[in-house]
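# Secondary and tertiary structure notes
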There are 2 protein chains.
Amino acid sequence: MEVKIALIGCGTVGRGLLEILEDKRAQLKDAFDFEPKIVAISDLHKGSILIPDGIKIKRLFALLDEGKRIEHYYGEGNTAELINPLDMIEQCDAEIIAELTYTDIKTGEPATGYIKKALRSGKHVVTSNKGPAALHYKELQSLARKNNLFFRIEGTVMSGTPVFSLFECGLTGAEVREIMGILNGTTNFILSKMETDGLDYAAALKLAQERGYAEADPTADVEGYDAVAKVVILSNVILGGALKPEDVKREGITALTREMVTAAKEEGFRYKLIAQTRKAGAKIEAVVSPQKLPLTDPLAGVMGAQNALTFDTDLLGKVTIQGAGAGKTETGYSILADILAINRHLGKKR
Amino acid sequence: MEVKIALIGCGTVGRGLLEILEDKRAQLKDAFDFEPKIVAISDLHKGSILIPDGIKIKRLFALLDEGKRIEHYYGEGNTAELINPLDMIEQCDAEIIAELTYTDIKTGEPATGYIKKALRSGKHVVTSNKGPAALHYKELQSLARKNNLFFRIEGTVMSGTPVFSLFECGLTGAEVREIMGILNGTTNFILSKMETDGLDYAAALKLAQERGYAEADPTADVEGYDAVAKVVILSNVILGGALKPEDVKREGITALTREMVTAAKEEGFRYKLIAQTRKAGAKIEAVVSPQKLPLTDPLAGVMGAQNALTFDTDLLGKVTIQGAGAGKTETGYSILADILAINRHLGKKR
């Protein structure tokens with residue numbers, strides 16, 4: 001079954017998604033009767049194109065690899081008309097919009113506007129963008145429901161490692177009372193290196209920057225803002241809360257010293273930047289802060305840039321999932337997983 | 001939506017399931033439009049009853065708690081006719097049969113016969129019984145498909161901790177190349193106690209027996225037969241193999257000494273009884289044996305009676321799930337999870 005998809009944003013995640021779709025074309029058709037057709041792509045820096053008959057992914061890659069703009073898809077003498085993303089979302093006949101633009105955690109824009117436009121034009125939305133999910137989940141989800149559409153966000157927490165689909169399918173009927181996780185790979189890498197290699201904070205941060213885990217300005221990671229966005233999403237999507245980022249108590253890892261990390265280790269503990277949210281009566285309480293975990297805690301063993309998350313449930317006790325928290329292919333996969341979930345539904349409707 | 005269910009077997013798992021259905025009646029109706037009606041129960045030791053209008057769970061519990069037989073549900077002067085399980089499966093108008101009898105890992109009977117009868121009478125089957133799943137999965141699954149029915153087995157591995165539903169929903173589209181797990185809580189408890197409390201094997205086994213983790217005859221656990229059954233199920237259901245238990249190389253934990261455990265710890269390793277299965281070309285190779293894991297392995301931190309399992313995938317790398325591996329409520333929940341998965345499907349059909 002052909003499924004028409006448009007990509008708004010074509011950076012690392014978009015490339016990861018397209019590579020998977022190209023590499024797995026035959027398997028996806030065989031296993032899921034799923035034949036993706038990319039009908040439109042729009043990227044702030046790389047240009048845009050709308051081709052109702054479908055964009056050839058290999059030709060697009062060749063173009064991008066040569067540093068050419070997307071509207072030169074048909075050759076430089078045959079430039080396609082530039083279309084702004086909002087018009088493209090409305091005009092293209094995609095069934096699913098993959099919203100893959102950059103995260104702005106303060107405003108959620110321009111992504112939130114793109115998502116609203118898509119849902120109002122009758123198109124499902126999948127995204128790994130934390131901004132809209134952290135700031136406007138309820139509004140966007142209710143807009144999707146009203147239009148009988150899906151708004152899916154697997155990649156916003158722990159990239160493609162299943163979190164929301166684990167909750168939807170694997171914990172159905174159980175009540176999640178508390179969620180506790182290591183949701184930021186950069187800080188976990190830094191803390192791991194401080195312990196295993198005896199580095200001080202500055203040296204571990206420098207190493208994280210050299211390895212590409214931390215940005216030149218590491219504030220969003222080391223001060224806990226990235227983890228705050230993710231814990232807000234978990235609070236609102238899984239625990240049914242209505243939190244905003246400013247409702248979360250936040251403390252980063254910049255005050256942790258090598259001496260503190262070493263002393264904790266000698267006592268049989270390990271520092272982790274923990275994002276935690278729990279039901280407290282009718283309220284949801286969320287916090288991001290460094291915690292000294294006993295080594296017996298499933299989260300204590302999570303080292304390097306890995307992520308992990310523990311659901312505390314009434315019927316199953318604690319269930320922990322551990323896996324990648326970032327990466328081109330891993331996050332690209334999160335988009336595919338959400339598209340395949342929608343594909344199952346489309347297959348039943350047609 | 002009313003869903004009619006029959007229980008074949010009413011021991012610990014059946015009791016766990018019924019307690020959840022009773023305790024969560026209102027939530028299950030609200031959240032999933034799911035109203036279970038138990039129309040028949042048959043237990044080898046406790047008797048049987050068939051009531052098309054539905055069995056009152058509280059009255060049944062009162063009866064069982066007084067040590068009375070199930071056919072005395074209407075009072076001792078009003079004994080219902082005893083019906084053998086095969087006839088009951090055929091005669092009752094349940095949509096779903098919960099097959100909850102004891103595991104016979106050598107023959108898979110009588111459970112396999114019950115399951116075939118159910119599938120041939122047009123009834124979905126959910127089970128936590130490892131016998132039929134380890135010995136006859138392909139045959140039973142193809143019988144189910146032929147009759148447009150479900151045969152679901154979440155509880156056969158790691159009780160209610162999501163394994164098959166995680167694979168179905170959370171890893172859709174990714175290829176699992178290898179599975180590696182701690183699938184037997186008894187041996188993991190014993191090995192944990194040998195390390196943390198410095199016990200020798202015999203003392204740790206005795207403690208496991210006192211705590212109810214190990215049986216009087218611990219062979220099935222400590223010699224690895226239980227883990228073999230589970231790794232066969234994973235091989236056949238997830239990797240698409242056609243293994244039999246005798247195809248799995250097997251070594252138990254009885255040859256491990258306190259000295260070996262201590263020496264491993266000093267080198268930064270930990271012994272675990274690991275069940276492992278992987279694709280090797282067109283073949284599936286499975287083994288159960290004690291392995292010395294580095295402490296950085298996500299499975300190394302799994303202590304006590306907990307279970308855990310790592311999927312090694314092409315698109316996501318390693319994804320590890322950790323949780324309970326046994327328990328009345330946990331395994332009862334596995335049956336509910338499978339029933340709710342079928343309920344989603346029934347809801348769409350009706």
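Residues numbered from 1 in each chain as written. Chains lettered and ligands numbered in written order. Predicted model: local features only at pLDDT ≥ 70, side-chain atom pairs only at ≥ 80, totals over all residues. Heavy atoms only, no water.

### Notes on the overall build of chain A
Spelled out, the test is: Here a helix means four or more residues in a row that DSSP labels H or I, a strand means two or more in a row labelled E, and each is numbered from the N terminus. Two things to know: the radius of gyration comes from C-alpha atoms, and the globule rule equals 2.2 Å times the number of residues to the power 0.38. Remark: exposure states derive from per-residue accessible area (1.4 Å probe, protein chains only) relative to the maximum for the residue type, with buried under 20%, exposed over 50%, and partly exposed in between. Only heavy atoms matter for contacts: two residues are in contact if any of them lie within 4.5 Å across the pair. Note on areas: Shrake-Rupley, 1.4 Å probe, and residue coverage restricted to the protein chains presented here.
Tallying secondary structure elements over chain A gives 13 helices and 12 strands in all. For 350 residues, the compact-globule estimate of 2.2 N^0.38 gives 20 Å, and chain A sits close to it at 21 Å. Dimensions of chain A, computed from C-alpha atoms along their principal axes, come out at roughly 65 × 45 × 40 Å. Considering chain A as a whole, with its 350 residues, one finds that 58% of them fall into the buried category. Here the analysis covers contacts within chain A between residues at least 6 apart in sequence; of these, 69% occur between residues at least 24 apart. Counting every atom, chain A has about 14,200 Å² of accessible surface; 49% of that belongs to carbon and sulfur.

### Structural notes on unusual backbone geometry
Glycine aside, the phi torsion of most residues is negative, and most peptide linkages are trans. For the peptide bond that leads from A:Glu109 to A:Pro110, omega is 0 degrees, which places it in the cis range. Among the secondary structure elements, A:Pro110 is positioned in the loop between strand S4 (96-99) and helix H5 (111-120). We note that B:Asn148 has phi near 60 degrees; this positive angle belongs to a residue other than glycine. Within the secondary structure layout, B:Asn148 lies in the loop between helix H6 (130-146) and strand S6 (151-152). With a phi close to 45 degrees, B:Ser159 is a non-glycine residue in the positive phi region. Residue placement: B:Ser159 occurs in the loop between S6 and helix H7 (164-170).

### Describing the state of the cysteines
The following threshold applies: In plain terms, two cysteine sulfur atoms within 2.5 Å form what is called a disulfide here.
Counting across every chain of the model gives 1 disulfide over all chains. Each disulfide pairs two cysteine sulfurs, and for A:Cys169 the partner residue is B:Cys169, the sulfurs being separated by 2.2 Å. Between A:Cys169 and B:Cys169, the S-S dihedral sits near -80 degrees, and the bridge is therefore left-handed. Within this pair, whereas A:Cys169 is found in helix H7 (residues 164-170), its partner B:Cys169 is found in helix H7, the two belonging to separate chains. The residues A:Cys169 and B:Cys169 share a single accessibility class, namely buried. A:Cys92 carries a free sulfur, and the closest cysteine sulfur to it, the one in A:Cys10, is 14 Å from it.

### What to know about the packing of aromatic side chains
Residues and elements named next belong to chain A. For the record, the criterion: Any two of the Phe, Tyr and Trp rings considered here, Trp counted by its six-membered ring, make a pair once their centres fall within 6.5 Å; the pair's planes then place it as stacked at under 30 degrees, edge-to-face at over 60, or tilted in between.
All chains considered together, the criterion is met by 6 aromatic pairs over all chains. Both rings, one in Phe189 and one in Tyr213, keep their centres 4.7 Å apart while their planes meet at 50 degrees; by these two values the pair is tilted. Linking Phe189 in helix H8 (residues 185-196) with Tyr213 in the loop between helix H9 (201-210) and helix H10 (219-222), this pair joins segments that are 24 residues apart in sequence. Among the residues examined, Phe189 registers a relative accessible area of 4% and is labelled buried.

### Describing the interface of chain A and chain B
Cut-off, in case you're wondering: Two parts lose some accessible area (1.4 Å probe) when they are put together, and adding that loss for both gives the buried area. Any carboxyl oxygen of Asp or Glu that lies within 4 Å of a side-chain nitrogen of Lys or Arg is treated as forming a salt bridge with it. We define a polar contact as two N or O atoms separated by no more than 3.5 Å, with the added condition that, inside protein, one atom must be a possible hydrogen donor and the other a possible acceptor, whereas residues neighbouring each other in sequence contribute only through side-chain atom pairs. Under the grouping applied here, Gly and all other residues not named as nonpolar or charged are polar, the nonpolar ones being Ala, Val, Leu, Ile, Met, Phe, Trp, Tyr, Cys and Pro and the charged ones Asp, Glu, Lys and Arg.
With 33 residues of chain A at the interface, the matching set in chain B holds 32 residues. Here chain A meets chain B over a buried area of about 2,900 Å², counting both sides, of which 62% is carbon and sulfur. The largest share of the area that chain A buries against chain B comes from A:Leu315, A:Leu316 and A:Tyr333, three residues that together contribute 22% of it. Applying the counting criterion to the chain A and chain B interface returns 2 salt bridges. Note that A:Asp314 is salt-bridged to B:Lys24, the shortest N-O span being 2.6 Å. Between chain A and chain B we count 12 residue pairs in polar contact (both at pLDDT 80 or more) in total. Contributing elements (two or more residues each) for the side of chain A that touches chain B: H7, strand S12 (317-323) and helix H13 (328-349) of chain A. Residue composition of the side of chain A that touches chain B, grouped by class: 15 nonpolar, 10 polar and 8 charged.

### Description of the sheet that holds S12(A)
What holds strands together in a sheet is hydrogen bonding between their backbones, with the strands either parallel or antiparallel. Our working definition: DSSP calls a pair of strands paired once it identifies at least 2 bridges connecting them. The convention used is that axes are lines fitted to C-alpha atoms, helices contributing only their stretch in contact, and that angles between N-to-C directions extend from 0 to 180 degrees.
One open sheet holds the 12 strands; their spatial order is S8(A)-S10(A)-S9(A)-S7(A)-S11(A)-S12(A)-S12(B)-S11(B)-S7(B)-S9(B)-S10(B)-S8(B), and the pairing between them is mixed. Since the sheet does not close on itself, it has two edges, and those belong to strand S8 (249-250) of chain A together with strand S8 (249-250) of chain B, each with one partner. Pairing of strand S7 (residues 176-182) of chain B with strand S9 (residues 269-280) of chain B involves 4 bridges; the strand directions are antiparallel. Its bridge partner being in S9(B), B:Ile179 is matched across the sheet by B:Thr277. This element, helix H11 (residues 225-237) of chain A, spans strand S7 (176-182), S8, strand S9 (269-280), strand S10 (283-294) and strand S11 (307-313) of chain A of the sheet and lies at about 130 degrees to S10(A). Together, S7, S8, S9, strand S10 (283-294) and strand S11 (307-313) of chain B form the strand contacts of helix H11 (residues 225-237) of chain B, whose direction differs from that of S10(B) by roughly 130 degrees.

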